[in-house]
Amino acid sequence: MSTHAAARVAAPTRREQILREAARLFAERGFHGVGVDEIGAAVGISGPGLYRHFPGKDAMLAELLVGISERLLAGGRLRVSEDASGDRSPEALLDALIEGHIDFALDDRPLITLHDRELDRLRDTDRKRVRRLQREYVEVWVAAVRDLYPDLAENEARAAVHAVFGLLNSTPHLGRPGALPGRAATAALLHRLARGAFAAAAEPGARQDPSGATEPDGS
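Glancing now at the overall build of the protein. A tally of regular secondary structure across the protein gives 9 helices and 2 strands. By element, 53% of the accessible surface of the protein is carried by carbon and sulfur atoms, the whole surface being about 11,800 Å².

Here's what the structure looks like:
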């Protein structure tokens, strides 16, 4: 089990239960389609009782989207620090980063939907914080990708990381859970696809001439 998955085994607190149900309901019905009373009913407390934990739905949404951005960045940095203190290869570090993000993509699908639909509802300060955390997370990956593929230009590595995130974050669109292969098989498939994308990006291929047209190498 990965570090990310192991950390999630402990029983959730009441606050975490509220956030989990809020994320599920927001993803299913939209932010404005869910009332505080419905979130409360999902966790077995009265709607007004939620206000002991959160001042309102806006605060829940902010904590969900800022919180997952913080968690992904912290997990990425932890994997890098574990790699620096051990004997792991650049390949093993990239595998660890991919595994961590796959855990998120499979276990927190409502948060992906929320990010896509509701990020613009955050206050400006919270939205900027999410974007900053995401940029830092991308750079963790860019460094790991270029460590494994040193000939890959930085801008190409960054584009490849964004493309792989798009691939991994497609899980909410893969159909109902029962229509997918088992979790382990889905995780293995996503991992192979991600590694294949990075390997393809690093292969010698087309290059751009100054006019912006592409030419095959050796022409």
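Don't stop here, the text continues.
Let us now look at the pattern of salt bridges. Tallied over the full model, the rule gives 20 salt bridges. One salt bridge in this structure joins Glu28 and Arg24, with 3.4 Å as the shortest N-O distance. Of this pair, Glu28 and Arg24 both sit in helix H2 (residues 14-29), 4 residues apart, which is roughly one turn of the helix. Given a relative accessible area of 33%, Arg24 falls into the partly exposed group. The shortest N-O distance in the salt bridge between Glu38 and Arg29 comes to 2.1 Å. In the salt-bridge network here, residues are joined through shared partners; they are Arg20, Glu21, Arg24 and Glu28.

With that settled, the discussion passes to the confidence of the model for the protein. Close inspection of predicted coordinates is inappropriate in any region flagged by low pLDDT. In this model, the protein carries an average pLDDT of 87, and 85% of its residues clear a pLDDT of 70 or more. pLDDT under 50 marks residues 1-8. Its contacts with residues more than four places away, or in other chains, come to 17 contacts. Contacts from residues 206-219, a stretch scored under 50 in pLDDT, to residues over four places away or in other chains number 15 contacts.

A few words now on the nonpolar core. Phe26, Ile39, Met60, Trp141 and Phe198 are the most contacted members of the largest nonpolar core, which totals 57 residues. Of all the secondary structure elements, the ones that give two or more residues to this core are H2, helix H3 (36-43), helix H4 (57-85), helix H5 (90-107), helix H6 (109-118), helix H7 (124-148), helix H8 (154-168) and helix H9 (183-202). Sequence-distant contacts of Met60, defined by excluding residues within four places in its chain, comprise Ile18, Leu19, Ala22, Phe26, Ile39, Leu50 and Phe54.

Reading the values: the criteria
- Residues numbered from 1 in each chain as written.
- Predicted model: local features only at pLDDT ≥ 70, side-chain atom pairs only at ≥ 80, totals over all residues.
- Heavy atoms only, no water.
- Helix = DSSP H or I, 4+ residues; strand = E, 2+ residues; numbered from the N terminus.
- Areas by Shrake-Rupley, 256 points an atom, 1.4 Å probe, with all protein chains shown as cover.
- Salt bridge = Lys/Arg side-chain N within 4 Å of Asp/Glu carboxyl O.
- Buried < 20%, exposed > 50% of the residue type's maximum accessible area, 1.4 Å probe, protein only.
- pLDDT = per-residue confidence, 0-100.
- Contact = heavy atoms within 4.5 Å.
- Core = buried A, V, L, I, M, F, W, Y, C linked by side-chain atoms within 4.5 Å.

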